[in-house]
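Observations on chain architecture
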Amino acid sequence: MLRFVATHPRILAFGVLLTLFSSFGQTFIISIFVPKILESFSLGTGEFGMLYAGATLASAFCLPYFGRMIDRVSLTRFSLFTGLGLVAACFTMAASWNVPMLFMAIVGLRLTGQGLLSLTASTTMARVFDEGRGKALSVSSLGYPLGEGLLPLLVVLLIHATGWRASWWILGALILFLLLPAMYSLVGRQSHTAKAAIAGAGPVRPRPSLYRDPIFYLLLPSNLFLPMVLTALFLYQIPLAESRGWSAATMASAFIGFAVFRMIASLIVGPMIDRHTSLKILPYLLIPAALGLLILVSFSSPWAAFPYLILVGVSQGMAGPVMTAVWAEVYGVESLGATKGAVATLGVIATALGPVALGILLGTGIGFDSVIKTCIAAALGVIAISWIGNRRLHARSPGRAVGDRPQ
């Protein structure tokens with residue numbers, strides 16, 4: 001892995017940089033500003049929740065269009081366009097004086113930050129690298145846990161020192177004067193071969209329609225399960241802790257294990273993808289998460305929070321590299337941006353529906369234990385479906401399964 005990083009430092013640094021800065025469109029950063037936003041706009045939590053869900057869904061429906069663009073536009077131009085969009089979203093948030101403007105700012109943050117920066121990073125790694133695709137996706141994914149571990153405290157301190165609106169001006173300026181020049185420096189000087197691989201310079205091979213391909217529906221649940229379930233459980237983590245008599249400090253400490261093991265799993269799974277292909281790893285993706293949920297529902301002692309979040313972190317760390325490699329192996333890299341854009345739309349919808357469904361269930365008196373048992377059963381079902389998908393892919397390609405490495 002170290003030799004691989006030393007051989008390709010610039011393009012890998014580009015991937016890490018994009019996943020790190022995607023944090024500014026993620027819920028864990030935006031949520032820090034929520035109390036100030038509610039106060040400034042005289043919104044209730046329910047009203048803001050509906051507004052945030054609407055903005056998230058609006059951004060999701062834009063992703064397929066921009067996903068197709070990354071297959072046709074040069075990487076330098078597309079990444080700079082995305083970075084400028086994130087800057088504009090930050091400045092709009094800082095200057096927003098009414099709810100419609102706030103809504104547009106959140107749409108921009110979710111689309112460019114959470115959506116397009118992540119999409120650009122993973123698509124670029126999958127397209128530039130072939131034999132080292134798994135390692136490249138693993139390294140570029142390190143920006144996610146780095147952002148989760150480092151940025152919340154820095155943003156809290158920034159808000160305390162300057163106020164919430166000034167913080168968004170500062171964050172926008174940071175992206176404008178740090179991220180954009182760094183992106184141009186890292187990808188604007190790549191070799192001609194790398195540029196051709198990632199710029200869509202040649203004709204784009206037609207992609208079979210995802211929605212008419214039965215295999216797509218056998219692979220998709222593995223992509224949607226973690227975003228839907230973890231977003232819901234993490235959003236309601238304090239009520240979950242209280243239902244078990246755990247303190248908020250216990251959950252916060254356990255989340256350190258989540259971030260650390262997410263990073264470790266991401267680094268380990270990359271070489272495994274290159275050795276075995278992602279399709280062979282896919283059926284095992286949710287097993288750690290299922291075990292973590294089983295521990296969560298079986299034990300009420302505070303120590304259970306640690307293996308629960310550690311095992312969930314392992315599945316989360318594996319998911320990004322594995323699923324991106326799966327779509328590349330099954331549908332090819334030429335139209336990978338369009339493929340991932342379509343999948344990302346469904347993933348964002350899942351993240352919006354998960355908390356709503358859990359909130360409704362809790363509101364009707366259904367407890368966390370019943371919900372978690374249902375999630376475990378769903379995880380086992382998804383694992384079974386992924387096994388079926390693997391067998392179908394082997395049957396589709398006699399003699400060599402889709403994604404098998406040439407010997």
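Residues numbered from 1 in each chain as written. Predicted model: local features only at pLDDT ≥ 70, side-chain atom pairs only at ≥ 80, totals over all residues. Heavy atoms only, no water.

Looking only at helices and strands, the protein chain has 18 helices and zero strands in total. Against the globule reference of 22 Å for 407 residues, the protein chain gives a C-alpha radius of gyration of 21 Å, in line with a compact fold. Split into buried and exposed, the 407 residues of the protein chain put 54% on the buried side. At a minimum sequence separation of 6, the contacts of the protein chain that also span at least 24 residues come to 86%. Accessible surface computed for the protein chain: about 17,200 Å², of which carbon and sulfur atoms make up 69%. Side-chain charges of the protein chain comprise 27 positive and 13 negative groups, with the mean position of each set lying 6 Å from the other. (Helix = DSSP H or I, 4+ residues; strand = E, 2+ residues; numbered from the N terminus. Rg over C-alpha atoms; globule rule 2.2 N^0.38 Å. Buried < 20%, exposed > 50% of the residue type's maximum accessible area, 1.4 Å probe, protein only. Contact = heavy atoms within 4.5 Å. Areas by Shrake-Rupley, 256 points an atom, 1.4 Å probe, with all protein chains shown as cover. Lys, Arg positive; Asp, Glu negative; His and termini not counted. Charge placed at Lys NZ, Arg CZ, Asp CG, Glu CD.)

With twelve residues, helix H15 (residues 287-298) should reach 16 Å at 1.5 Å per residue; the first-to-last C-alpha distance of 16 Å fits that figure. Where H15 is concerned, the buried positions are Pro288, Ala289, Ala290, Gly292, Leu293, Ile295, Leu296 and Val297. (Expected span 1.5 Å × (residues − 1).)

Here the focus is the packing of aromatic side chains. Counted under the stated rule, the structure contains 16 aromatic pairs. Here phenylalanine 216 and tryptophan 327 contribute two aromatic rings whose centre-to-centre distance is 5.7 Å and whose plane-to-plane angle is 45°, an arrangement assigned as tilted. Placement of phenylalanine 216 in helix H11 (residues 214-235) and of tryptophan 327 in helix H16 (residues 305-331) is noted, with a sequence separation of 111 residues between them. Tryptophan 327 matches phenylalanine 216 in its accessibility class, with the two residues each being buried. Ring pairing ties together the aromatic residues Phe216, Tyr217, Trp327 and Tyr331, which thus form one cluster. Sitting above the plane of the phenylalanine 4 ring, lysine 135 keeps its charged end 5.5 Å from the centroid. (Phe/Tyr/Trp six-rings, centres within 6.5 Å; stacked < 30°, edge-to-face > 60°. Lys NZ or Arg CZ within 6 Å of the ring centre and 35° of its normal.)

Attention now goes to unusual backbone geometry. The phi dihedral of serine 42 falls on the positive side, at around 55°, and the residue is not glycine. Position of serine 42 relative to the elements: it lies in the loop between helix H3 (27-41) and helix H4 (45-70). With a relative accessible area of 64%, serine 42 lands in the exposed category. Located in the positive-phi region is threonine 277, a residue other than glycine, with phi close to 80°. Relative to the helices and strands, threonine 277 is located in the loop between helix H13 (248-276) and helix H14 (278-281).

Now for the pattern of salt bridges. Going through the model one piece at a time under the given rule, you end up with three salt bridges. Here glutamate 148 makes a salt bridge to arginine 262, at a shortest N to O gap of 2.6 Å. Taken as a pair, glutamate 148 in helix H8 (residues 143-162) and arginine 262 in helix H13 lie far apart in primary sequence, 114 residues in all. Among the ionic pairs, aspartate 369 bridges to arginine 244, the shortest N-O distance being 2.5 Å. Pair noted here: aspartate 369 is in helix H18 (residues 368-396) and arginine 244 is in the loop between helix H12 (237-243) and H13, with a separation of 125 residues, a long-range link. (Salt bridge = Lys/Arg side-chain N within 4 Å of Asp/Glu carboxyl O.)

Attention now goes to the confidence of the model for the protein chain. Detailed conclusions should not be drawn from predicted coordinates in areas where pLDDT is low. On average, residues of the protein chain carry a pLDDT of 85, and 92% of them reach 70 or more. Between the elements of the protein chain, mean pLDDT differs from a low of 43, seen in helix H10 (residues 192-199), to a high of 96, seen in H15. Below a pLDDT of 50 lies the segment residues 191-206, which in the model reaches 24 contacts outside its immediate sequence neighbourhood of four places, other chains included. Note on residues 398-407: pLDDT is under 50 here. Beyond four places in sequence and across chains, it has 19 contacts. (pLDDT = per-residue confidence, 0-100.)

Moving on, we get to the environment of phenylalanine 78. By the secondary structure assignment, phenylalanine 78 is in helix H5 (residues 75-95). Exposure remark for phenylalanine 78: the relative accessible area of 1% places this residue in the buried category. Sequence separation between phenylalanine 78 and phenylalanine 66 is twelve residues; the distance between their C-alpha atoms is 9.3 Å. If we ignore the near neighbours within four places in the chain, the residues touching phenylalanine 78 are Phe66, Met69, Ile70, Val73, Leu116 and Thr120.

With that settled, the discussion passes to the side chain of threonine 112. Tracing the chain through its elements places threonine 112 in helix H6 (residues 99-128). For threonine 112, a relative accessible area of 7% puts it in the buried group. Polar contacts involving the side chain of threonine 112 include one to the main-chain carbonyl oxygen of glycine 108, which spans 2.6 Å. Ignoring any residue separated from it by four or fewer positions in sequence, one finds threonine 112 in contact with Thr82, Gly85, Leu86 and Leu117. (Polar contact = N/O pair within 3.5 Å; in protein donor to acceptor, adjacent residues only side chain to side chain.)

This part covers a nonpolar patch on the surface. On the surface, a cluster of nonpolar side chains totalling about 500 Å² of accessible area is made up of Ile256, Val260, Phe261, Ile264, Ile268 and Met272. Along the chain, isoleucine 264 falls in helix H13. Isoleucine 264 gets classed as partly exposed once you look at its relative accessible area, which sits at 37%. (Patch = residues over 30% accessible without salt bridge, like charges linked within 9 Å, V, L, I, M, F, W, Y side chains within 5 Å.)

Of the voids in this model, the second largest pocket is the one considered here, and its volume is about 340 Å³. Lining the second largest pocket are 18 residues, and of these Met228, Val229, Gly354, Ala357 and Cys375 lie nearest its centre. When residues of the lining of the second largest pocket are traced back to their parent elements, those giving at least two are H11, helix H17 (336-363) and H18. Per-element tally for the lining of the second largest pocket: the top contributor is H11, with seven residues. Each residue belonging to the lining of the second largest pocket can be placed in one class, and the counts come to 15 nonpolar, three polar and no charged. (1 Å grid on protein atoms, 1.4 Å probe; cavity = no way out; pocket = protein on both sides within 12 Å on 5 of 7 lines; lining within 4 Å. Points joined across faces, edges and corners; volume = space filled by probe spheres on them. Nonpolar A, V, L, I, M, F, W, Y, C, P; charged D, E, K, R; others polar.)

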